[in-house]
Amino acid sequence: MRAAISIGCGLLLAALWAVPPMVANAAGDAAGSALLAEQCAGCHNLTGPAPDTVQAVRARKGPDLFYAGDKYRAEWLTEWLQKPTRIRPGGAFYGDHIVPSQATDKWDQIDTASLPDHPALSAPDARAVSAALMANTPYAERIATVTVEPVSLPIFMGDMLFDKFKGCIACHQSGKDYGGFSGPELYTAADRLNPRFIYSYMQNPQAWDPKIWMPNMNLAAADLNKLVRYLQMIAEEE
Amino acid sequence: MRRAQHTLFGLWAVLGLGIAWAEGAPVWAAEGDAANAELLYKTYCVQCHGATGKGNGINVRDMSVQPRDHTDAAGMVGLSDDRLFKAIKEGGPAVTKSVLMPPWAGVLTDEEVHGLVRHLRVLCACEGRG
């Protein structure tokens, strides 16, 4: 009987964990929420859950924003929305923008002309949208469990870890135009993102985005802390 | 009598459909698997192995180790299906290859990895030895 109750509780917990709670935007800025609904919902998922099929993840037009408050730094959001720049060199789904190479000694290219630009907002609108987005925190409990330990890391050791030992460079750029194209640029990640989110996402990308083309690299806590520090260092460098 | 004939006809129809389903189902399933494997390949593999599988994806320019050319039958023939499965599921280091080939176990099911192995055999037009 006790076992049955335990299993029941376990299943209930698993179900609660698997289904992200709907976003409560009540605390957010009302004007910002209205702007989000009018101008952003066409390309961004504002309500969750994250796409759970390959087809859905390929069809995504922009990053999911239903957990924006768990992910971003508010100041960066407000600035970026006024002067948006490209963060994903291959677009929302890189596969839609490939120009295949027919030769084995040349690589496929991204058709940059096919990448859409993000609209810019006025300063008041950017502030309102940023405030509304920061109220989207369905994973606040998950973020609260993360502890990023401060570590001291010589930059060359960070380079080694990022490039050689863990292979992050394959898909991500660690400097302007150095690295891969299928993932977001990471020399701006520390400016953009909550360090606890960076840690949690690297630890288990699929917990945030079940079908994303970033694999779980099974990173140990020591390496997660070093990589968070490394991303801060390369953001300061750029 | 007429009702009996109808019933008999109904039975034959059900039996016939059953046979058709039994024979047709595996074919449909196999076609579905192949299409799904191709979709997975175009989502997770082409970023490095290239849109045409030649090992020349968009990410390759700054890589220190070149991804495998999946259309190279001479190279692919030497890799068993088990080895390909292990490389995809557990990553390059599990088969003494580069860390740039990551483990996909967190994203793909075993069944999906088996589907990708079969897709690689289509790309190389070869069977694995060894």
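Shown above is the structure to which this text applies.
Regarding the pattern of salt bridges
Residues and elements named next belong to chain A.
Turning to step 1, where the next piece is worked out: All told, the structure shown has 11 salt bridges over all chains when counted by the stated rule.
Turning to step 2, where the next piece is worked out: When the shortest N-O distance is used, the salt bridge between Asp 209 and Arg 60 registers 2.7 Å. Highlighted residues: Asp 209 in the loop between helix H11 (205-208) and helix H12 (221-237) and Arg 60 in the loop between helix H3 (54-59) and helix H4 (68-71), separated in sequence by 149 residues. As far as burial versus exposure is concerned, Asp 209 and Arg 60 are alike and both buried.

Examining the environment of Asp62(B)
Turning to step 1, where the next piece is worked out: Structurally, Asp62(B) can be placed in the loop between helix H1 (2-49) and helix H2 (73-76).
Turning to step 2, where the next piece is worked out: Overall, the relative accessible area of 23% leaves Asp62(B) in the partly exposed class.
Turning to step 3, where the next piece is worked out: Sequence separation of Asp62(B) and Gly78(B) is 16 residues, and the distance between their C-alpha atoms is 27 Å.
Turning to step 4, where the next piece is worked out: When residues no more than four places from it in sequence are discounted, the contact partners of Asp62(B) are Asp177(A), Tyr178(A) and Gly179(A).
Turning to step 5, where the next piece is worked out: Polar side-chain contacts of Asp62(B) include one of 3.0 Å to the side chain of Arg61(B).

Here we look at a negative patch on the surface
Turning to step 1, where the next piece is worked out: A cluster of like negative charges, contributed by Glu79(A), Asp159(A), Asp191(A), Glu236(A) and Glu237(A), occupies part of the molecular surface.
Turning to step 2, where the next piece is worked out: Checked against the element boundaries, Glu237(A) lands in helix H12.

Considerations on the interface of chain A and chain B
Turning to step 1, where the next piece is worked out: Contacts between the two partners involve 39 residues from chain A and, on the opposite side, 29 residues from chain B.
Turning to step 2, where the next piece is worked out: Of the roughly 2800 Å² buried between chain A and chain B, counting both surfaces, carbon and sulfur atoms make up 59%.
Turning to step 3, where the next piece is worked out: Our count for the chain A to chain B interface comes out at one salt bridge.
Turning to step 4, where the next piece is worked out: Arg61(B) is paired through a salt bridge with Asp177(A); the nearest N and O atoms lie 3.3 Å apart.
Turning to step 5, where the next piece is worked out: Between the two partners, chain A and chain B, sit 15 residue pairs in polar contact (both at pLDDT 80 or more).
Turning to step 6, where the next piece is worked out: Counting only elements with at least two residues in the side of chain A that touches chain B, the list comes to H3, strand S2 (109-110), helix H8 (155-165) and strand S4 (178-179) of chain A.

Concerning the packing of aromatic side chains
Residues and elements named next belong to chain A.
Turning to step 1, where the next piece is worked out: Evaluated as defined, the whole model comprises 15 aromatic pairs over all chains.
Turning to step 2, where the next piece is worked out: Centre to centre, the rings of Phe 162 and Tyr 230 are 5.3 Å apart; their planes meet at 40 degrees, and the pair counts as tilted. Separated by 68 residues along the polypeptide, Phe 162 in helix H8 and Tyr 230 in helix H12 bring together distant segments of the chain.
Turning to step 3, where the next piece is worked out: What makes Phe 162 buried here is its relative accessible area of 1%.
Turning to step 4, where the next piece is worked out: Judged by its relative accessible area of 1%, Tyr 230 falls in the buried class.

Quick notes on the nonpolar core
Turning to step 1, where the next piece is worked out: Leu133(A), Phe162(A), Leu231(A), Tyr44(B), Ile88(B) and Leu108(B) are the most contacted members of the largest nonpolar core, which has 78 residues in total.
Turning to step 2, where the next piece is worked out: With seven residues, H12(A) is the single largest residue contributor to this core.
Turning to step 3, where the next piece is worked out: Residues within four places of Leu133(A) in sequence aside, it is in contact with Leu36(A), Leu46(A), Leu65(A), Ala68(A), Gly69(A) and Leu77(A).
Turning to step 4, where the next piece is worked out: If you look at the next biggest cluster of nonpolar residues, it comprises six residues, including Ala170(A), Cys171(A), Met63(B) and Leu100(B).

Cut-offs and rules
Residues numbered from 1 in each chain as written. Chains lettered and ligands numbered in written order. Predicted model: local features only at pLDDT ≥ 70, side-chain atom pairs only at ≥ 80, totals over all residues. Heavy atoms only, no water. Salt bridge = Lys/Arg side-chain N within 4 Å of Asp/Glu carboxyl O. Helix = DSSP H or I, 4+ residues; strand = E, 2+ residues; numbered from the N terminus. Buried < 20%, exposed > 50% of the residue type's maximum accessible area, 1.4 Å probe, protein only. Contact = heavy atoms within 4.5 Å. Polar contact = N/O pair within 3.5 Å; in protein donor to acceptor, adjacent residues only side chain to side chain. Patch = residues over 30% accessible without salt bridge, like charges linked within 9 Å, V, L, I, M, F, W, Y side chains within 5 Å. Areas by Shrake-Rupley, 256 points an atom, 1.4 Å probe, with all protein chains shown as cover. Lys, Arg positive; Asp, Glu negative; His and termini not counted. Charge placed at Lys NZ, Arg CZ, Asp CG, Glu CD. Buried area = accessible area lost by both parts, 1.4 Å probe. Phe/Tyr/Trp six-rings, centres within 6.5 Å; stacked < 30°, edge-to-face > 60°. Core = buried A, V, L, I, M, F, W, Y, C linked by side-chain atoms within 4.5 Å.

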